[in-house]
Amino acid sequence: MGQRTPLFAEHQRLGARIVPFGGWDMPLHYGSQLEEHHAVRQHSGMFDVSHMRILDLAGSEAQAFLRHLLANDVAKLKTPGKALYSCMLRDDGGVLDDLIVYYRGPDRYRIVVNAATAEKDLAWMRTQLSAFSAELQPRSDLAMIAVQGPEARANTLPLLDPALREAAGALKPFFAAESGDWFVGRTGYTGEDGFEVMLPADQAPAFWQALHEAGVRPCGLGARDTLRLEAGMNLYGQDMDETVSPLESGLNWTVAWEPEDRPFIGRAALEAQRKAGGLRRFVGLLLLDRGVLRSHQKVFQGEQEMGEITSGGFSPSLQRSIALARVDARIGETCEVEVRGKLLRARVVKPPFVRQGKACISLD
Amino acid sequence: MSTVPNELRYTQDHEWVRDNGDGTVTVGITDHAQEALGDLVFVEIPEVGRSLAAGDACAVVESVKAASDVYSPLAGEVVEANEALSEAPERINEDPYGEGWIFRLALKDPADLDQLLNAEAYEQLLAEEEA
């Protein structure tokens, strides 16, 4: 049996199919993954993401520590509440994890890391932290609920404390507001508008129930995966891990090369990779034939093996199969994918596939 | 709890077999199988006219989660396949024992039917897998 979030009893009550995920017992779906997916694209859905680890960082050298630790540069964060997506790299440039860091004010940050990597991340961070004057505090007293979809904000705001409601309603994308132990970020992992709400664990069940009564549909990890795949967002452990570079995972945009004199962990390795060239490209694929693309299927161009799919599946919004793949940079506009012993035709596209309820690619 | 109709026969691979009484059987996947797979998004039906040995992989059902082979429960020839599944794979989720049928097989030897599990034996198999 895995660990349980403060919302586990709610999932059981709603008839969720529970599966093990990163050491946790989490809902896969509550009946239909497809309907949950559509609810988020068209209305609103909510996900229990309390398994993700929230870490608060404070201290006079908190910024200096994060500028050393992360490939993206927290010096970009100047307004309290602003969030930044970044990779945390090993010395050799492999990706230890991807995370979100929120700037809360001078010397104060909040970091959210993946569940499956949380212990490893924390050990790595603490080792690196020894040279800096700052404290890292895991917040296992908090739960987290992601409310996503075009109606998500309107459904969530009336349920917030008046002190937080106004600030949350005024948030721009990728900003957060807080009041007491409640923290609301206009962030997410679906390609839709919405909030991620961190709150005291003991208040989470009532808030979840209130959202449900307001018409927000409970959604499981299954829909979370198809939504993020359509949105072209990477999943750690599948699209990238310790053995690959962010430069081969479509994450170049998250590496802050400027200023040149910021020696973050992994920088030297990434610079050497960039100089050596021959890096693989991270692309999207749209299947033209009938079938379903899955991770680890091989990508070909003629006789030449070009790489493999890292995440694949059926896109409920497009009603077609889509994938993310790491391939030889010389790949053309179309390719073939080996699906269950057959070569099927696919078109190479630039993710995302779907954002804000709309297709971002041509299906012809 | 998944349904296991009494009048059908079953396989270890969670398929059901209906004896049509004319030397043919209709084949599909059980309620338990569709529930375990989750929402189906793609079905590859077998070719009509294809001769199959018992245990031959002859169709594919793919859900949001994974792909799964469908095996021929007995030896025979495919005489009909459910074309409607190509456009509406969700029929298997909605009605696994009815509209969600996958193919019809003309048996090589109708006596082979006795090799399959009856409802009671299949329910026992499900109970053992649960444990």
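Keep in mind that this is a model prediction, so the values were computed, not measured. (Residues numbered from 1 in each chain as written. Chains lettered and ligands numbered in written order. Predicted model: local features only at pLDDT ≥ 70, side-chain atom pairs only at ≥ 80, totals over all residues.)

**Observations concerning the overall build of chain B**
Note the threshold: Numbering of helices and strands runs from the N terminus; a helix is a DSSP stretch of H or I covering at least four residues, while a strand is a stretch of E covering at least two. A residue is called partly exposed when the number of other C-beta atoms within 10 Å of its own lies between 12 and 20, exposed at 12 or fewer, and buried at 20 or more, with C-beta atoms placed from the backbone. The contact criterion used here is simple: two residues whose C-beta atoms, placed from the backbone, lie within 7 Å are in contact.
Looking only at helices and strands, one finds four helices and nine strands in chain B. Along the first, second and third principal axes, the C-alpha set of chain B runs to 35 × 35 × 20 Å. Put simply, chain B has 131 residues, and 44% of those count as buried. Partitioning the contacts of chain B with sequence separation of at least 6, the portion at a separation of at least 24 is 63%.

**Digging into the overall build of chain A**
Per the secondary structure count, chain A includes nine helices and 21 strands. The principal-axis extent of the C-alpha atoms belonging to chain A is close to 60 × 50 × 40 Å. When each of the 364 residues of chain A is scored for burial, the buried share is 47%. Contacts in chain A between residues at least 24 apart in sequence constitute 67% of all its contacts with a sequence separation of at least 6.

**Thoughts on the packing of helix α2 (residues 33-42) of chain A against helix α8 (residues 221-230) of chain A**
All names here are of chain A. Cut-off, in case you're wondering: Axis definition: a line fitted to C-alpha atoms, limited for helices to the stretch in contact. Angles are taken between N-to-C directions and run from 0 to 180 degrees. Between 65 and 115 degrees an angle is taken as roughly perpendicular, under 35 as roughly parallel, over 145 as roughly antiparallel, and anywhere else as oblique. For any helix crossing, the convention is left-handed if the near helix is rotated counterclockwise from the far helix by under a right angle, and right-handed if that rotation is clockwise. When residue character is reported, Ala, Val, Leu, Ile, Met, Phe, Trp, Tyr, Cys and Pro are called nonpolar, Asp, Glu, Lys and Arg charged, and the others, Gly included, polar.
The geometry of α2 relative to α8 is characterised by a closest axis approach of 8 Å and an angle of 55 degrees between their N-to-C directions. Judged by the angle between their axes, α2 and α8 are oblique. Once α2 is placed against α8, the crossing between them reads as right-handed. Packed against α2, whose contacting residues are Gln33, Glu36, His37 and Val40, the element α8 presents Gly222, Ala223, Thr226 and Leu227 at the interface. Broken down by class, the residue content of the contact of α2 with α8 amounts to three nonpolar, four polar and one charged.

**Regarding the pairing of strand β5 (residues 83-89) of chain A**
All names here are of chain A. Put simply, the rule reads: Whether two strands pair comes down to DSSP finding at least two bridges between them.
The buried fraction of β5 amounts to five of the seven residues, a majority that puts the element mostly inside the structure. As paired strands, β5 and strand β6 (residues 95-105) are joined by seven bridges and run antiparallel to one another. Looking at the pairing, Tyr85 lines up with Ile100 of β6. Taking the residues that link successive antiparallel strands as the turn, the β5-β6 hairpin has five residues, and the phi of Gly93 there is positive, at about 90 degrees.

**Concerning the sheet that holds strand β3 (residues 24-29) of chain B**
Whenever strands of a sheet pair, they do so through backbone hydrogen bonds, lying parallel or antiparallel. What the six strands build is an open sheet, ordered β1-β2-β3-β9-β8-β5 (chain B); its pairing is antiparallel. Each edge of the sheet is formed by a strand with only one pairing partner; in this case those strands are β1 (9-10) and β5 (51-52) of chain B.

**Overview of the confidence of the model for chain B**
Under the convention used in this document: Each residue gets a pLDDT score, which is the predictor's confidence in that residue and runs from 0 to 100.
When the pLDDT values of chain B are averaged, the result is 96; 99% of them are 70 or greater. Per the prediction output, this complex has pTM 0.95; the corresponding ipTM is 0.87.

**What about the interface of chain A and chain B?**
Facing 13 residues of chain A, the contacting portion of chain B comprises nine residues. Put simply, the parts of the chain that give the side of chain A that touches chain B at least two residues each are α2, α8 and β16 (304-315) of chain A. Its residues placed into classes, the side of chain A that touches chain B shows three nonpolar, seven polar and three charged.

**Describing the pairing of strand β11 (residues 182-185) of chain A**
Residues and elements named next belong to chain A. The sheet contact formed by strand β10 (residues 176-179) and β11 spans four bridges and is antiparallel. Paired with Ser179 across the two strands is Trp182, which belongs to β11. A loop of two residues connects β10 with β11, the two strands running antiparallel in sequence, and Gly180 in this loop sits at a positive phi of about 60 degrees. For β11 and strand β12 (residues 194-200), the ladder comprises three bridges, and the chain directions are antiparallel.

**What to know about unusual backbone geometry**
A cis amide bond, omega -5 degrees, links Glu258 of chain A with the succeeding residue Pro259 of chain A. Tracing the backbone shows Pro259 of chain A in the loop between α8 and α9 (267-276). Pro351 of chain A connects to Pro352 of chain A through a cis peptide bond whose omega is 5 degrees. As for its position among the elements, Pro352 of chain A is in the loop between β19 (342-349) and β20 (354-355). Here Gln356 of chain A, not a glycine, exhibits a phi torsion of approximately 50 degrees, which is positive. Secondary-structure assignment places Gln356 of chain A in the loop between β20 and β21 (358-359). By C-beta crowding, Gln356 of chain A is classed as exposed, having 12 other C-beta atoms within 10 Å. Phi is positive for His14 of chain B, close to 65 degrees, though the residue is something other than glycine. With respect to the element layout, His14 of chain B can be found in the loop between β1 and β2 (15-19).

**Description of the sheet that holds strand β4 (residues 40-44) of chain B**
Residue and element names in this part refer to chain B. Across the sheet, three strands lie side by side as β4-β6-β7; this open sheet has antiparallel pairing. Of all the strands in the sheet, the pair left with one neighbour each is β4 and β7 (67-71). Going across the sheet, the axis of each strand differs from the next one's by a mean of 25 degrees, ignoring polarity. Here β4 pairs with strand β6 (residues 57-63) via four bridges, running antiparallel. The residue of β6 that forms the bridge with Phe42 is Glu62.

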